[in-house]
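A closer look at the structure
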Amino acid sequence: MTAASTAIVPYVERADALSIGGFTPYSGVDWPGKLVATVFAQGCPWQCTYCHNPALQDSRTTPAVAWADVRDRLRARRDLLDGVVFSGGEPTRQPALIGAAREVRELGFGVGLHTAGAYPGRLAAVLPLVDWVGIDIKATPETYAAVTGSEVAGDRAWLSLELVRDSGVDYEVRLTVDPTVHTREGIHDAVARIIRLSGRAPVLQEARPQGTNADYAAKLAGRGMYDVIGVDDLPDLTRR
Ligand code: SF4
């Protein structure tokens, strides 16, 4: 027996411990160019203004799906799917992500990860098991708290971008433009710094009221990306 095969894996690091808030068996949008299943991990330490999944923020919520069920459904779709995306919530909040990503690989699927970079240490640990990352950068580090409600969020997210850049894993950077928080200058500054750090232009995303809390939807008051940046601003960037 090798040392690896005799190692005892703590329960919290096993796939079965993953707290799952939802499961989508087929998605064509969660990993560009791939047909995937998406696992929505429960829990997130932040409370972003425009969060579309606020029900996934509370880590104490009873899981909606057991990993054993996800595993069975993935086995049944082996010939149909390219990969599995772990989304959230914030998937790197849970040590069990590592066990789950390993199992997904063993089943023969690619592994995609959506992260906002809240846990750089765990992100670094899981990156060797990941084939593609969609990482959210939400603002310049100094103004992150206005989006996330967390004073430590900016440093963590920007460090996570460095980790993803240095990992050799394929990735996409996303920046959601929030008219309730962002200014035109702030978006230009964030975009320039993302490009300087990663060499990649972020995809600009629209903050939409659907799924957000009622206060945010009221505050948004029908405004969108074009109320912050002009049609001719940042013409080389993809918008969605
Ligand atoms: S990081 Fe993502 S899941 Fe967490 S609060 Fe922000 S938008 Fe929601």
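Use the structure listed above.
Residues numbered from 1 in each chain as written. Predicted model: local features only at pLDDT ≥ 70, side-chain atom pairs only at ≥ 80, totals over all residues.

1. With respect to unusual backbone geometry
With an omega of 10°, the peptide bond between Gly88 and Gly89 qualifies as cis. With respect to the helices, strands and loops of the structure, Gly89 is situated in the loop between strand 3 (83-87) and helix 3 (96-106). Phi is positive for Ala221, close to 50°, though the residue is something other than glycine. Relative to the helices and strands, Ala221 is located in the segment after helix 8 (214-220). Of note, Leu234 is a non-glycine position whose phi angle comes to about 45°, a positive value. Looking at where Leu234 falls in the secondary structure, it is placed in the segment after helix 8. (Helix = DSSP H or I, 4+ residues; strand = E, 2+ residues; numbered from the N terminus.)

2. Concerning helix 2 (residues 67-75)
Restricting attention to buried positions, one finds in helix 2 the residues Trp67, Val70 and Leu74. Looking down the long axis of helix 2, one finds its buried residues gathered within 55° of arc, a one-sided arrangement. Exposed side chains of helix 2 directed beyond 90 degrees from the buried face belong to Ala68, Asp69, Asp72 and Arg75. (Buried ≥ 20, exposed ≤ 12 C-beta atoms within 10 Å, placed from the backbone. Arc of directions from axis to C-beta.)

3. A closer look at the site of the ligand
Around the ligand, the structure places Cys44, Trp46, Gln47, Cys48, Cys51, Asn53, Leu56, Gln57, Gly88, Gly89, Glu90 and Ala116. Tallied by class, the residues present in the shell around the ligand amount to six nonpolar, five polar and one charged. (Near = placed C-beta within 6 Å. Nonpolar A, V, L, I, M, F, W, Y, C, P; charged D, E, K, R; others polar.)

4. As for the sheet that holds strand 7 (residues 203-206)
In space, the seven strands of this open sheet follow the order 1-2-3-4-5-6-7, with mixed pairing throughout. With partners counted over all chains shown, the strands left at the sheet margins are strand 1 (20-27) and strand 7, one partner each. Taken pair by pair, the neighbouring strands of this sheet meet at an average axis angle of 20°, ignoring direction. The sheet contact formed by strand 2 (residues 36-41) and strand 3 spans five bridges and is parallel. For Phe40, the partnering residue across the bridge sits in strand 3 and is Ser87. On the sheet, helix 6 (residues 153-167) packs against strand 4 (110-115), strand 5 (132-136) and strand 6 (170-177) and is oriented at approximately 160° with respect to strand 5. (Pairing = 2+ DSSP bridges. Axes fitted to C-alpha atoms, helices over the stretch in contact; angles between N-to-C directions. Contact = placed C-beta atoms within 7 Å.)

5. Remarks on the pairing of strand 7
Bridging between strand 6 and strand 7 involves four bridges; their strand directions are parallel. Bridge pairing in strand 7 places Arg174 opposite Val203. Crossover handedness for the path strand 6 to helix 7 (residues 184-198) to strand 7: right-handed. (Right-handed = clockwise from strand over helix to strand, strands pointing away.)

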